[in-house]
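Observations on chain architecture
Here are the chains, one letter per residue:
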Amino acid sequence: MKDRFNFRCGITISHYNDDGDDIETLLLVNNVSIYDDGEVGFDRESLKEAIKRKNLSKEEERTLWNSLDEYEVFDEWYQMPADFIEQCTGRKDINGILIYEGDLVMVDGYIDRYKVIWDKEICSFAIDHIAKFLPLGSSSFASVAIPMIIIGNIHEKESNND
């Protein structure tokens, strides 16, 4: 459960695409520190992993790194405001990837999709059913002992656990 106190954040960075147009890229950065003023800090390695998951062109990646230079406060340490912050549940999916609040998961053996949330009423992580034709209901996250797989998150499109 030591992973339970890990956090990830979303940061939107403006930079240029291959055609020179201004674009914004949302990065999900793991292993962040949270400061009193609401800003987050993270190391260059965590940032590299977030950028790698975006599959940008070489030019887009170069312009993204140039935009990030202003946030480097120490050697290979970045600090900036976050769009959002999410906490790790302390659980891993069947591929060994940590599950965070905001992740979309499938429970092994079922085709239904669920969103990982923090349920204030039960003071625990929970999964909410996503299908539009069924009423939303949550199950205690801790009570779901069967394996899950991350299929995406609420901020980006679903994937096959890339």
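See the structure above.
Source: prediction; values computed, not measured.

1. Thoughts on the packing of aromatic side chains
Each aromatic ring pair is specified by the distance between its two centres and by the angle formed by the two planes. Scanning the model with the defined rule gives three aromatic pairs in all. Relative to Tyr78, the ring of Phe42 has its centre 6.2 Å away and its plane inclined at 15°; by these criteria the two rings are stacked. With Phe42 in strand E4 (residues 39–43) and Tyr78 in strand E6 (residues 77–81), this residue pair connects regions lying 36 residues apart in the sequence. Of the two residues examined, Phe42 and Tyr78, each falls in the buried class. On the numbers, 5.0 Å between centres and 80° between planes, the contact of Trp118 with Phe125 is edge-to-face. Residue Trp118 is classed as partly exposed on the basis of its relative accessible area, which comes to 34%. Take Phe125: its relative accessible area is 4%, and that puts it in the buried class.

2. Some thoughts on the sheet that holds strand E1 (residues 7–16)
With antiparallel pairing, the four strands of this open sheet are ordered in space as E2-E1-E7-E8. The sheet is open, and its two borders are formed by strand E2 (22–30) and strand E8 (98–100), each paired with just one other strand. Ignoring strand direction, the axes of neighbouring strands in this sheet form an average angle of 35°. The sheet contact formed by E1 and E2 spans nine bridges and is antiparallel. Bridge pairing links Thr12 to Leu26 in E2. On the sheet, helix H1 (residues 44–52) packs against E1 and E2 and is oriented at approximately 125° with respect to E2. This element, helix H2 (residues 58–68), spans E1 and E2 of the sheet and lies at about 110° to E1.

3. Overview of H1
Because an α-helix packs 3.6 residues into every turn, residues spaced three or four apart end up facing the same way. Of all the positions in H1, only Ser46, Leu47, Ala50 and Ile51 are classed as buried. On an axial view of H1, the arc spanned by its buried residues comes to 135°, and they lie on one face. Residues of H1 that are buried make contact with E1, E2, E4, H2 and E6.

4. Considering the environment of Glu76
Relative to the elements of secondary structure, Glu76 occurs in the loop between strand E5 (72–74) and E6. Judged by relative accessible area, which is 43%, Glu76 ranks as partly exposed. Taking the C-alpha atoms as reference points, Glu76 and Leu47, separated by 29 residues in sequence, lie 9.6 Å from one another. Setting aside its immediate chain neighbours within four residues, Glu76 contacts Phe42, Asp43 and Arg44.

Conventions used here
- Residues numbered from 1 in each chain as written.
- Predicted model: local features only at pLDDT ≥ 70, side-chain atom pairs only at ≥ 80, totals over all residues.
- Heavy atoms only, no water.
- Phe/Tyr/Trp six-rings, centres within 6.5 Å; stacked < 30°, edge-to-face > 60°.
- Helix = DSSP H or I, 4+ residues; strand = E, 2+ residues; numbered from the N terminus.
- Buried < 20%, exposed > 50% of the residue type's maximum accessible area, 1.4 Å probe, protein only.
- Pairing = 2+ DSSP bridges.
- Axes fitted to C-alpha atoms, helices over the stretch in contact; angles between N-to-C directions.
- Contact = heavy atoms within 4.5 Å.
- Arc of directions from axis to C-beta.

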